[in-house]
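# Coordinates in review
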Amino acid sequence: MSLNSQILAGSLLGIGLGGLFVSLGSESVWTVKGLYLCQIISSVFINLLKMLLVPLVFTSIVTGVANLRLHSQLHRVWKLTLMFFVVSMMLAIMQGLLAANLFAPGKGQTLELLRQASPAIPAKTMTLGEFAAAFIAGLFVNPFAALAQGNLLAIVVFALLLGAALVAGGERYRNILLLLQESMEVLLSLLGWIMKLAPYGILALLAQLLATQDMLVLASLTKFVVIIIATTLIHGLLVLPLLLWLLTGVTPRRFFAGARQALVTALATSSSSATLPVTLRCMEQHLHVKPEIAGFVIPLGATINMDGSALYEAAAALFVANLTGIELDLGQQLIVCFTSLVAAIGAPGIPSAGMVTMVMVLQAVGLPTEAIAILLPVDRLLDTVRTMVNVEGDMVASLVVQRWTSDK
Ligand code: ASP
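A brief look at the structure comes next. Being a predicted model, the structure only gives us computed values, none of them experimental. (Residues numbered from 1 in each chain as written. Predicted model: local features only at pLDDT ≥ 70, side-chain atom pairs only at ≥ 80, totals over all residues. Heavy atoms only, no water.)

## Quick look at the overall build of the chain
Put simply, the rule is: Going along the chain from the N terminus, every DSSP run of H or I of four or more residues is numbered as a helix, and every run of E of two or more is numbered as a strand. It is over C-alpha atoms that the radius of gyration is taken, and the globule rule equals 2.2 Å times the number of residues to the power 0.38. Whether a residue is buried, partly exposed or exposed follows from its accessible area with a 1.4 Å probe, protein chains only, as a fraction of its type maximum: under 20%, in between, or over 50%, in that order. Residue contacts follow a heavy-atom distance rule, with two residues in contact if any of their heavy atoms lie within 4.5 Å. In this tally, Asp and Glu contribute negative charge and Lys and Arg positive charge; neither His nor the terminal groups of the chain are included. By convention, the point assigned to a charge is CZ for Arg, NZ for Lys, CD for Glu and CG for Asp.
When helices and strands are counted, the chain shows 18 helices and zero strands. Relative to the globule expectation of 22 Å for 408 residues, the C-alpha radius of gyration of the chain, 21 Å, shows essentially globular dimensions. Judged by the C-alpha coordinates and their principal axes, the chain covers about 65 × 55 × 45 Å. With 408 residues in all, the chain has 54% of them scored as buried. Long-range contacts, defined as pairs at least 24 residues apart, comprise 84% of the intrachain contacts of the chain with a sequence gap of at least 6. Here the chain carries 21 positive and 19 negative side-chain charges, and the mean point of each set is 9 Å from the other.

Next up, the structure:
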């Protein structure tokens, strides 16, 4: 069986197993033992991916930037990359707002009713200004501390600068560049081994996800959950593939065939960062994006480009407004639009990160920040789809950038 079919089989078995655990009940010894085993398998898989994450991001960005600069493409590449990130996130936000305005989830429900069902958690409040200050301060950090702590944003910034400096230094630093390039290649072959575990890891993650979902809360939030999942899927299955096809001529069929390992891994892990090694592999090996473009766009995208999260933050803010009976006028919705963009850019690629940065969106329009306690029980479920679309956005971006910067 090919790896793709094994991953598909693993996903289906995982969903089946999760359903079995639900029907056995959480008290059953089989459920307890099964979930314990799933926990071990899934954490080994995620930890193996994370093990490669930091060295892979570092080496791929340095070598990517260096090679782009060498071919004097860096200017065009970074401009186009950032432009595409912003445009696709804005499109996602528009869809989120449109869906929330059309279907008005939360209207008729009250905050009090739902609050009883969910444990109150204290929301950490942060204004837009404080958030921006913390974000900027977090960009420039001692690189060794950043590497040791897995602080991706700071690693990305340092690697960008180092890559530029290596090329500016010319021949003198050729060996360092060569060392980093070969390190990246060896890390990718290591990833090939780890991917053999992917079907088991994904099986265990999906079984756990299903078995631990709080069905009671899910039922009371069905409308909201359905709207979010459907809108996110429209962005992922229609808007992004259409953009890709129009801008590059790559057909959706070809794209999804090459991208599916990364998409399934994103869905199961709910982490763009943990998925990053797989995303890079798909782009370079299956979709044939040049390593210097993929090495630049993908890690940058995994840290700042989040279409699914942006869509979610905007739609969820309107949902909370409906719950509290507050009407948001056009001006306020524009604020939601802008802050959702910033919040999605600032969210790290880890599970439920978007949930935390959403506090900022709520605050910007004066909505109660404790409301995130209501969304928390369903967040793990929603995070699967939004992370998948986050990762898809990065992949589409790298194909678009490659097409529009390659010499005719
Ligand atoms: N889990 C998402 C990601 O890793 C971020 C989020 O929570 O929105 O891309």
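## Digging into the pattern of salt bridges
To keep things clear, this is the line we draw: One speaks of a salt bridge when a side-chain nitrogen belonging to Lys or Arg is within 4 Å of a carboxyl oxygen belonging to Asp or Glu.
Tallying each qualifying case throughout the model produces four salt bridges. Taking the shortest distance from any N to any O, the salt bridge between Glu171 and Arg174 comes out at 3.2 Å. Among the ionic contacts, a cluster of salt bridges with common partners joins Asp379, Asp383 and Arg386.

## Observations concerning the side chain of Ser42
Tracing the chain through its elements places Ser42 in helix α2 (residues 29-70). The buried category is assigned to Ser42, whose relative accessible area is 4%. Contact partners of Ser42, with chain neighbours within four places excluded, come to Gly201, Ala204, Leu205 and Gln208.

## Some points on the site of the ligand
As a reminder, the rule being used: Summary of the distance rule: residues count as near a molecule or strand when at least one heavy atom falls within 4 Å of that molecule or strand. We call two N or O atoms a polar contact when they sit within 3.5 Å, provided that within protein one can donate a hydrogen and the other can accept it, with sequence-adjacent residues counted only if both atoms are side-chain atoms. Residue burial considers only the protein chains on display, and all accessible areas are found by Shrake-Rupley using a 1.4 Å probe.
Within the structure, the ligand sits among 16 residues, and Ser272, Ser309, Gly354, Asp383 and Arg386 are positioned closest to it. Contact distances for the ligand include 3.1 Å between a nitrogen atom and a backbone N or O atom of Ser270. Measuring from a nitrogen atom of the ligand, one finds a side-chain N or O atom of Asp383 at 2.8 Å. Taken by itself the ligand offers 270 Å² of open surface, and the protein chains cover 100% of this. Elements represented by at least two residues in the shell around the ligand include exactly α17 (353-364) and α18 (372-405). Per-element tally for the shell around the ligand: the top contributor is α18, with four residues.

The quantities given are spatial measurements derived from coordinates; they are silent on function.
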